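Observations on the three-dimensional arrangement
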Amino acid sequence: MDEETLFIVSQTFKALSDPTRLRILHLLFQGEHSVNEITERLSLLQSTVSHQLRFLKNLRLVKFRKEGTTVYYSCDDEHVNSILKQTIDHANHH
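Read on for an overview of the structure. (Residues numbered from 1 in each chain as written. Predicted model: local features only at pLDDT ≥ 70, side-chain atom pairs only at ≥ 80, totals over all residues. Heavy atoms only, no water.)

1. What to know about the side chain of T12
With respect to the secondary-structure elements, T12 resides in helix 1 (residues 3–16). Among all residues touching T12, those that are not within four sequence positions of it are L59 and L61. (Helix = DSSP H or I, 4+ residues; strand = E, 2+ residues; numbered from the N terminus. Contact = heavy atoms within 4.5 Å.)

2. A word on the sheet that holds strand 2 (residues 62–67)
One open sheet accounts for 3 strands, arranged 1-3-2; its pairing is antiparallel. A single partner strand is all that each edge strand has here, and the edge strands are strand 1 (33–34) and strand 2. Pairing of strand 2 with strand 3 (residues 70–75), which is carried by 6 bridges, proceeds in the antiparallel orientation. The residue bridging K66 from the neighbouring strand is V71, located in strand 3. (Pairing = 2+ DSSP bridges.)

3. With respect to the side chain of D18
With respect to the element layout, D18 can be found in the loop between helix 1 and helix 2 (19–29). For the buried D18, which has no salt bridge, the nearest side chain bearing the opposite charge is R21, at an N-O separation of 4.2 Å. A polar contact of 2.9 Å, which involves the side chain of D18, links it to the backbone nitrogen of R21. (Buried < 20%, exposed > 50% of the residue type's maximum accessible area, 1.4 Å probe, protein only. Lys, Arg positive; Asp, Glu negative; His and termini not counted. Salt bridge = Lys/Arg side-chain N within 4 Å of Asp/Glu carboxyl O. Polar contact = N/O pair within 3.5 Å; in protein donor to acceptor, adjacent residues only side chain to side chain.)

4. Concerning the nonpolar core
Ranked by size, the top nonpolar core spans 21 residues in total, and within it I24, L25, L28, I38 and L53 carry the most contacts. Counting only elements with at least two residues in this core, the list comes to helix 1, helix 2, helix 3 (35–42), helix 4 (46–58), strand 3 and helix 5 (78–92). For this core, the element with the highest residue contribution is helix 2, accounting for 4 residues. (Core = buried A, V, L, I, M, F, W, Y, C linked by side-chain atoms within 4.5 Å.)

5. Some words on the packing of aromatic side chains
With the rule as written, the count across this model stands at 1 aromatic pair. For the pair F64 and Y73, a centre-to-centre distance of 5.9 Å together with 40° between the ring planes defines the contact as tilted. Here F64 falls in the partly exposed class, since its relative accessible area comes to 41%. Among the residues examined, Y73 registers a relative accessible area of 10% and is labelled buried. One cation-aromatic arrangement involves R21 over F55; the distance from NZ or CZ to the ring centre is 4.1 Å. (Phe/Tyr/Trp six-rings, centres within 6.5 Å; stacked < 30°, edge-to-face > 60°. Lys NZ or Arg CZ within 6 Å of the ring centre and 35° of its normal.)

Written out as structure tokens, the structure reads:
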């Protein structure tokens, strides 16, 4: 594995090790949501959500689109959904 790939993989696991980021990703796994919707659904501060989304976006774990003044976020691609689903399934495996 080259150094760049190693760094990206380690940063991805770092992102997935944070409970707040996992909560956000799990919500986005279920569908697209605006920052306000994420804030309300997860009872988090808007600044916290924005900070975590920026972190996740920089790792290409989430993507966004704008509609007027509202920004909507979703999981970046099926790989993100797959990683999250497999990890949840593993955690629930007895």
